[in-house]
Amino acid sequence: MDKVIFGDNQFFAVNHASDEKARAQSIRFKEDAAIINVLDQAIDLGINTFMCTTHDRIANICDHMRANPAKYKNFNIYPCMPYAHKYANAVTELGILGTIKQHIPGNIFGTMAKGGLAIVNKDFVKLLELLVDAEMKMFKGINTPVIFLQNVIVDMILGLKMYEFFKAYDAYVRKKYNAEPGYITMNMPLLLDTLNSLGIENPIICSSINKIGFRMSGGVELYEKYLNEKQFRPIAMQVLAAGALRPKEAIDYLGKFPKIESVLFGASSKGHIQETKCLIEEM
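Presented here is a report on the structure given in the accompanying data block. (Residues numbered from 1 in each chain as written. Predicted model: local features only at pLDDT ≥ 70, side-chain atom pairs only at ≥ 80, totals over all residues. Heavy atoms only, no water.)

### Structural notes on the overall build of the protein
The line we're drawing: A run of H or I in DSSP counts as a helix once it spans at least four residues, and a run of E counts as a strand once it spans at least two, with each numbered from the N terminus. Summary of the burial criterion: residues with accessible area below 20% of their type's maximum are buried, those above 50% are exposed, and those between are partly exposed, where the area comes from a 1.4 Å probe applied to protein chains only. In these tables, accessible area is a Shrake-Rupley quantity obtained with a 1.4 Å probe, and a residue counts as shielded only by the protein chains included in the view.
A tally of regular secondary structure across the protein gives 13 helices and eight strands. Counting over 283 residues, the protein shows a buried share of 49%. With an accessible surface of roughly 13600 Å², the protein has 53% of that area assigned to carbon and sulfur atoms.

### Topic: the packing of helix 10 (residues 188-197) against helix 11 (residues 220-229)
The condition is simple: Think of each axis as a best-fit line through the C-alpha atoms, taken over the contacting stretch in the case of a helix, with angles from 0 to 180 degrees between the N-to-C directions. Roughly parallel refers to an angle under 35 degrees, roughly antiparallel to one over 145, roughly perpendicular to one between 65 and 115, and oblique to any angle outside these ranges. Any pair of residues with heavy atoms lying within 4.5 Å of one another is described as a contacting pair. Only Asp, Glu, Lys and Arg are considered charged in this grouping, and only Ala, Val, Leu, Ile, Met, Phe, Trp, Tyr, Cys and Pro are considered nonpolar; every other residue, Gly among them, is considered polar.
Their axes nearest at 9 Å, the elements helix 10 and helix 11 cross at an angle of 40 degrees. By the angle between their axes, helix 10 is oblique relative to helix 11. Facing Met 188, Pro 189, Leu 192 and Asp 193 of helix 10, the residues of helix 11 in contact are Leu 222, Tyr 223, Tyr 226 and Leu 227. Taken together, the residues of the contact of helix 10 with helix 11 sort by class into seven nonpolar, no polar and one charged.

### Some details on the packing of helix 7 (residues 124-136) against helix 9 (residues 164-177)
So the rule is basically this: Crossing handedness is read from the near helix: turned anticlockwise from the far helix by less than a right angle, it gives a left-handed crossing, and turned clockwise, a right-handed one.
Put simply, helix 7 and helix 9 touch, their axes get as near as 10 Å, and they point 40 degrees apart. Between helix 7 and helix 9, the interaxial angle falls into the category oblique. Note that helix 7 runs across helix 9; the crossing there is right-handed. Taken together, the residues of helix 9 that come into contact with helix 7 (itself represented by Phe 124, Val 125, Leu 128, Glu 129, Val 132, Asp 133 and Met 136) are Phe 165, Ala 168, Tyr 169, Tyr 172, Lys 176 and Tyr 177. Partitioned by chemical class, the residues of the contact of helix 7 with helix 9 number ten nonpolar, no polar and three charged.

### What to know about the nonpolar core
Taken as a class, soluble globular proteins show a tendency for nonpolar side chains to be buried jointly. As a reminder of what qualifies: What makes a nonpolar core is a set of buried Ala, Val, Leu, Ile, Met, Phe, Trp, Tyr and Cys residues whose side-chain atoms join them at distances within 4.5 Å.
Counting 69 residues, the largest nonpolar core has Phe 6 and Phe 166 as the members making the most contacts within it. Not counting chain neighbours up to four residues away, the residues in contact with Phe 166 comprise Val 154, Ile 157, Leu 158, Tyr 183, Leu 191, Thr 194, Leu 195, Leu 198 and Ile 200. Listed in part, the 13 residues of the second largest apolar core include Met 51, Val 146, Cys 206 and Ile 235.

### Notes on unusual backbone geometry
Most peptide bonds take the trans form, and the phi angle of most residues other than glycine is negative. Here the bond from Met 81 into Pro 82 is cis, since omega is -5 degrees, no more than 30 degrees from zero. Unlike most non-glycine residues, Lys 161 shows phi in positive territory, near 60 degrees. For Lys 161, the position within the fold is in the loop between helix 8 (151-160) and helix 9. In this model, Ala 241 sits at a positive phi of 55 degrees, which is unusual for a non-glycine residue. Tracing the backbone shows Ala 241 in the loop between strand 7 (233-237) and helix 12 (247-254). Classification of Ala 241 as buried rests on a relative accessible area of 5%.

### Details of the pattern of salt bridges
Applicable threshold: Salt bridge criterion: a side-chain nitrogen from Lys or Arg within 4 Å of a carboxyl oxygen from Asp or Glu.
One pass over the full model with this rule turns up eleven salt bridges. The shortest N-O distance in the salt bridge between Lys 71 and Asp 40 comes to 2.9 Å. Taken as a pair, Lys 71 in helix 4 (residues 69-72) and Asp 40 in helix 2 (residues 32-44) lie far apart in primary sequence, 31 residues in all. A relative accessible area of 47% means that Lys 71 is categorised as partly exposed. Notably, a salt bridge pairs Asp 170 with Arg 174, separated by 3.0 Å at the nearest N-O pair. Of this pair, Asp 170 and Arg 174 are both found in helix 9, four residues apart, which corresponds to roughly one turn of the helix. Taking relative accessible area as the criterion, Asp 170 reaches 12% and is therefore assigned buried. We classify Arg 174 as partly exposed; its relative accessible area is 41%. Connected through salt bridges with shared partners, the residues Glu 180, Arg 233 and Glu 261 form a single ionic network.

And the structure:
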């Protein structure tokens, strides 16, 4: 994985520090061209990986990339799924089968039959596969070497102890998409122990890592122990702790842990992208 990964929170009005900034970002990135412009700036600065949710507007960004293959041939996207709001809204409007009909790719009769049977039999692994296929449809022809499960699903599975989902997801992503599975969580120690117990070794785990314990379930001390002693591939996110830490202070802290392979961050100006990228690379 690249050391520096660019995120998408700023494009979709997600700002953990300020609602006012979130509203301003929503206005600024109302048009797809504004998102593409910032991504192109990141590419010009040498960032080649974009980690994003499966928000409907990402499909437009992928269309742009497919229309300009030479420019984006070395650019990777790490999809993070599911985008929960999309499905919650669809189920409310269309029902479960209607949602499957709208979002699942392929022959509609076959997918409806598969989805309907899965619902009747409560075969949640089949539903997981359908979900992955639905979310990956927009990325056809795009480099997607790692595919992530969002923390809303990962941490729910951990809470319900339905661990077979992780094994099924791991196998399906590797076989169907020739990609590595990744996991986003707010409880890295518990997730790592669970994955290891299933025989999933050296997993890619994206979690909050910062010196004040922001969104780090289990606490800073336990995270540091795992970062020093356990075998896995960590991606650090929320390193600024929603603005509580200055960039240099936050990145210097990460430098204590050589196992951290990548740092995920979002920014909306070329200057901030360049500053953060330089700090990460110096780390």
